[in-house]
Amino acid sequence: MLTTLASAWANLRTRRHLFAGAFVAVALGVALVASMGLGLAAAADPPAGKPQRFAQPVVVMPHDTLTVEVDRGPHRALDSKKIPHPQPVDKELLRELAELGTVHRDHLAPDAVGVDASAAAVREVVGDRAQVLTGAARRLADPGAERDAQAVVAVRAMLGTAGGVSAFVAVFVTASTFAFVVALRRREFGLLRLAGATPGRVRRQLFTEALAVGVAASATGCALGSWGAPLLARALIDNGIAPPWFTVSGTVTPQSTSWTSWTSWPFQLAFWTGLFVAVAGAWAASRRAGRIGPVEALRDADVDTDVMPWSRRIVGAALLALGLGLTVHTLWSDPSALLKRKTYTSQPMILITAAAALAPLLVRPVLRMIRLPGAVGLLVRENAAASVRRTAAVAAPVLVTVALAGSLMGSAESVSAAKAQEASEQTNSQLIATGDDLSLARRPVPGVAALSPSASTAVFVREEGTTLLRSEARAVSDPAALAATSRLPVVSGDIRHLDDRSIVVNEEWEHHRVGDRLTVWLGDGRRTTLRVAAVLAHGTGDNGAYVTMANAGAAPVDRIDVRLTPGASPAAATDALRAATSGHDVRVRTAAAWLDATPPRVKPQTRQGMLLLLGIALTYAAISLAGTQLMAASVRGRELRALRRAGATRAQVRLMLAGEALVAVAAGTALGLAVTALNLGGLAAALGLLSPESGAGAGAGLEAGVVVPWGVVSSAVGVCAVVAVGTGVLGAGWGRRNGVGEW
């Protein structure tokens, strides 16, 4: 054991340039996990803050959640959802509260009241008819409380996803680094075997080295994470992802009394994750190192052979089959699932991992297609093909970065483009008035043939008895006007048959046959039974339900769709409609202008979150590229000296090194774009399957097109190329100046 420790320590000191990349990768991963863990801890227990709406000690607020009993396996459980339009506190309860003390009302939003009375007395009077809020909980009655709660949920989702991507890329980079280290040290391990070292001894040495790197890097990463957590919070606020009051502490909170308290879990999770990543990354490499024969490495040529063990080929092929199989199965069973963010941010990882695992096999065919002019070009191509391990080690992180950028951003943009096209095709109005709590004068509007006021609401349904699902809905006052001002993709029934005892649903609902009777809960929490009057195609997922105003509770009218009479002047009709409409912030625009101003698009917060994920992946790619190039440069002294003796100038040698780096980056880019094409191809197929066929009320159908984010992909490739070329050339120059391979 002592011999192994001494040997590992000597290797770490003398070959620190080989382990620098793994150290930085693990340290960065631990720092990110620690920072994001601290962010998740802060989001799980946000600061209470001070109530802004009511100064009274007790606030009475109507119930704003719907709770329904559902089946969870053999047991019954409760499932709760927020309702958009809670019923106000009833007059009888207000009268009883007034007997306890002064009742303070907010006339701008009379959904809650403040009471000057003791909390115990108020609770006794209220019972289960409403919520009684005291202390910091009074903030729930503030106008921005729901918005802040949604922002915190978004922070949790983004940090959780970013942590998963960080772990995925960290494991990949660390494993690739250790594998390349083993490839560069084959002769060393051969000498150890020749001197009598057993395969177990070689494996233990590599494990010991990985353990030492992991402990040091994890401790460094925890310190960096503590420093970076407040910076992460500031970045989330600046990009509109987190609310302005969100803060993250970079240390264990004062309430914790020891390192083992729950408040230190981000540091513990980060440290042990980093250690696991380092050891796991070295595991496969150590098994391969232990199989090197005593003489095998000594007679190795400079041309790489047997670049991939069968175990890696089997794993890569299995992942490729799994990724493609999942896509085909989803297209067959539920194409709409491919349009959901959870699917298109997680499922592409399988194909990306498969391609990265098979990179040494895939790189060689790509290199055969590259043709470069001149003697230097021929040398670049042949060197890249002969040293396929080095080329694959450079190409793999580029592959991962390009595939992530193309798949994630491309999927998000493609879905948004399809939703925007769908919204345009379903709009048959010529003018649209928007605002808060709109109302129309009870007189005809000149030049207008049909007016369809509607309100945003929601309906809830218990699907398969196990889940309470929320469906966005529009409440309309005139179904005939809705039919005239829209082109909804009706597949059965007639939306003109919608009345106070019926509902329009889409094909995603469990029961979606015309005439079916459904038990639903409305936006104000009321339970009712409605008959299905019409069924819409599922489309991209934005085809919600339709009900009448009687089933919308207190939902205010926020949109009026207008169809003009033939020959009517749009400008004159706009003036007449504006004069006849009252409400807050009333705007009358053409349908084209409204669609252009409010298209379904990727939310800025979502885009910023994805760019953060890609930034993490790009940072890891840069670390991997720099480490690989520096490690490769440290052992190429003999090769470069031979070139110089053959008559090559130093400029030509540098040009060759730069060309090799660019060829490897190009190969990684080509493979990354191929993976992107597979992922976006599945999305395009899903859009094609979900497109409604042309016909009555169905519109022209969606074009199954995709959007490739060439700008983001090009930026990522440019950064990778600069890092690969710069470290490849400078690394060789550093080795020459320091006597490590004088050429």
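The coordinates are above.
Just so you know, these numbers come straight off a predicted model, no measurement behind them.

1. Here's the deal with the overall build of the chain
Piece 1. A tally of helices and strands in the chain yields 21 helices and 16 strands.
Piece 2. With 743 residues in all, the chain has 49% of them scored as buried.
Piece 3. Taking the intrachain contacts of the chain between residues at least 6 apart in sequence as the baseline, contacts between residues at least 24 apart amount to 79%.
Piece 4. For the chain, the computed accessible surface area is about 34,000 Å², with 60% contributed by carbon and sulfur atoms.

2. Comments concerning the environment of G525
Piece 1. Mapped onto the elements of the fold, G525 is located in the loop between β12 (517–521) and β13 (527–536).
Piece 2. Expressed as a C-alpha distance, the spacing of G525 and K81, which sit 444 residues apart in the sequence, is 9.8 Å.
Piece 3. Contacts of G525, omitting those with residues within four sequence positions, involve L66 and I83.

3. Details of the environment of P556
Piece 1. With respect to the helices, strands and loops of the structure, P556 is situated in the loop between β14 (545–548) and β15 (557–564).
Piece 2. Using a relative accessible area of 34% as the deciding quantity, one classes P556 as partly exposed.
Piece 3. Here P556 is in contact with H85, D437, A455 and S456, once residues within four sequence places are set aside.

4. A closer look at the side chain of N543
Piece 1. Checked against the element boundaries, N543 lands in the loop between β13 and β14.
Piece 2. Judged by its relative accessible area of 4%, N543 is buried.
Piece 3. One polar contact links N543 to Q426, side chain to side chain, over a distance of 2.8 Å.
Piece 4. Among the polar contacts made by the side chain of N543, one reaches the main-chain carbonyl oxygen of H538 at a distance of 3.4 Å.
Piece 5. Those residues in contact with N543 that lie beyond four places of it in its chain are E422, Q426, P489, N506, L536, A537 and H538.

5. Some words on helix α14 (residues 388–425)
Piece 1. With 38 residues, α14 should reach 56 Å at 1.5 Å per residue; the first-to-last C-alpha distance of 51 Å fits that figure.
Piece 2. Taking burial as the measure, the 38 residues of α14 include 32 buried ones, the bulk of the element.

6. Some details on the packing of helix α9 (residues 310–333) against helix α11 (residues 348–357)
Piece 1. For the pair α9 and α11, the least separation of the axes is 8 Å and the interaxial angle reads 155 degrees. Taken together, α9 and α11 sit at an angle that is classed as roughly antiparallel. Helix-helix and strand crossings are classified by hand; for α9 and α11 the assignment is left-handed. For the pair α9 and α11, contact is made by R312, G316, L319, L320, L322, G323, L324 and L326 and by I350, L351, T353, A354, A356 and A357, respectively.
Piece 2. Class assignment for the residues of the contact of α9 with α11 results in 10 nonpolar, three polar and one charged.

7. A short note on unusual backbone geometry
Piece 1. Positive phi, normally seen in glycine, also occurs at D437, with a value near 55 degrees.
Piece 2. Tracing the backbone through its elements, the reader meets D437 in strand β7 (residues 431–440).
Piece 3. For D437, a relative accessible area of 47% translates into the label partly exposed.
Piece 4. Phi is positive for E464, close to 55 degrees, though the residue is something other than glycine.

8. Section: the pattern of salt bridges
Piece 1. Evaluated as defined, the whole model comprises 18 salt bridges.
Piece 2. Across the pair E508 and K340 runs a salt bridge, and its minimum N-O distance is 3.8 Å. Of this pair, E508 sits in the loop between β11 (502–506) and β12 while K340 sits in the loop between α9 and α10 (341–346), and the two are 168 residues apart along the sequence.
Piece 3. Assessed through its relative accessible area of 43%, E508 is described here as partly exposed.

9. A look at the sheet that holds strand β6 (residues 131–134)
By definition, the strands of a sheet pair up through backbone hydrogen bonds, in either a parallel or an antiparallel sense.
Piece 1. Strands sit in the order β4-β5-β1-β6 across an open sheet of four strands; the sheet is antiparallel. Unpaired on one side and paired on the other, β4 (103–105) and β6 mark the two borders of the sheet. In this sheet, adjacent strand axes meet at a mean angle of 30 degrees when their direction is disregarded.
Piece 2. As paired strands, strand β1 (residues 58–61) and strand β5 (residues 113–115) are joined by three bridges and run antiparallel to one another. Residue V58 lies in a different strand from β5, and its bridge partner there is V115.
Piece 3. Against the sheet, helix α3 (residues 91–98) makes contact with β1, β4 and β5, and its axis sits at roughly 135 degrees relative to β4, the strand it touches most.
Piece 4. Sheet strands in contact with helix α4 (residues 119–126) are β1, β5 and β6, and its direction is about 170 degrees off that of β6.

10. Digging into the environment of S569
Piece 1. Within the secondary structure, S569 is located in the loop between β15 and α16 (570–580).
Piece 2. The partly exposed category is assigned to S569, whose relative accessible area is 37%.
Piece 3. S569 sits 122 residues away from G447 along the chain, and the two C-alpha atoms are 7.2 Å apart.

11. Here we look at the side chain of T401
Piece 1. Its location among the elements puts T401 in helix α14.
Piece 2. Setting aside chain neighbours within four positions, we find T401 in contact with A617, L618, A621 and A716.

12. Observations concerning empty space enclosed by the protein
A water-sized probe, rolled over the atoms, reveals where empty space remains.
Piece 1. Following the criterion strictly, the structure yields five cavities of 30 Å³ or more and no others.
Piece 2. Counted as a void, the largest cavity has a volume near 150 Å³.
Piece 3. Elements supplying a minimum of two residues to the lining of the largest cavity: α14, α18 (604–633), α20 (650–690) and α21 (710–737).
Piece 4. With four residues, α20 is the single largest residue contributor to the lining of the largest cavity.
Piece 5. Counted by class, the lining of the largest cavity contains nine nonpolar, three polar and three charged residues.

13. Quick notes on the nonpolar core
Soluble, globular proteins show a tendency: their nonpolar side chains are buried together.
Piece 1. Core analysis: the biggest nonpolar cluster contains 97 residues, and V155, L236, F246, L339 and L404 have the highest contact counts within it.
Piece 2. Not counting residues up to four positions away in its chain, the partners in contact with L404 are V169, M349, I352, M409, L614 and A617.
Piece 3. Of all hydrophobic cores here, the second largest spans 18 residues; its members include V459, A473, A475 and V520.

14. What about the packing of aromatic side chains?
Piece 1. Counted by the stated rule, this structure contains one aromatic pair.
Piece 2. Each ring, one from F271 and one from W272, has its centre 5.3 Å from the other, and the planes form 90 degrees; the classification is edge-to-face.
Piece 3. Given the relative accessible area of 55%, W272 is considered exposed.

About the criteria used
Every chain is numbered independently, its residues counted from 1 as its sequence is written. Reporting in this predicted model follows two pLDDT cut-offs: at least 70 for local features of residues, and 80 or more for side-chain atom pairs to be given and counted; totals over whole chains, interfaces and linings ignore these cut-offs and use all residues. For the side-chain quantities, the full set of heavy atoms in the structure was used; hydrogens and water were omitted. Elements are defined by DSSP. Helices are runs of H or I of four residues or more, strands are runs of E of two residues or more, and each kind is numbered from the N terminus. Relative accessibility under 20% of the residue-type maximum defines a buried residue, over 50% an exposed one, and the middle range a partly exposed one, all with a 1.4 Å probe and only protein chains included. Throughout, a residue-residue contact means that at least one pair of heavy atoms, one from each residue, lies within 4.5 Å. For accessible areas, the Shrake-Rupley method is used with a probe of radius 1.4 Å. Any residue's cover is judged against the shown protein chains and nothing else. Two N or O atoms form a polar contact when they lie within 3.5 Å of each other; inside protein one atom must be a possible hydrogen donor and the other a possible acceptor, and for residues adjacent in sequence the pair counts only when both atoms belong to side chains. Helices are assigned an expected span. That span is 1.5 Å times one less than the residue count. Convention adopted: a line fitted to C-alpha atoms gives each axis, helices being fitted over their contacting stretch, and angles between N-to-C directions are expressed from 0 to 180 degrees. For classification purposes, an angle smaller than 35 degrees is called roughly parallel, one larger than 145 roughly antiparallel, one from 65 to 115 roughly perpendicular, and anything else oblique. The crossing is said to be left-handed when, going from far helix to near helix, the turn is anticlockwise and less than a right angle, and right-handed when the turn is clockwise. We call Asp, Glu, Lys and Arg charged. Ala, Val, Leu, Ile, Met, Phe, Trp, Tyr, Cys and Pro are nonpolar, and the rest, Gly among them, are polar. The term salt bridge refers to a side-chain nitrogen of Lys or Arg lying within 4 Å of a carboxyl oxygen of Asp or Glu. When DSSP finds at least two bridges between two strands, those strands are taken to pair. Every definition here rests on a 1 Å grid over the protein atoms only: cavities are sets of points where a 1.4 Å probe fits but cannot get out, pockets are open sets enclosed by protein on both sides within 12 Å along at least five of seven lines, and lining residues have some atom within 4 Å of a point. Grid points are joined across faces, edges and corners, and a volume is the space filled by probe spheres set on the points. In this description, a nonpolar core means a group of buried Ala, Val, Leu, Ile, Met, Phe, Trp, Tyr and Cys residues linked to one another through side-chain atoms lying within 4.5 Å. To pair, rings of Phe, Tyr and Trp, with the six-membered ring standing in for Trp, must have centres within 6.5 Å; the planes then decide the type, stacked if under 30 degrees apart, edge-to-face if over 60, and tilted in the middle.

This is a description of form; function is not addressed.
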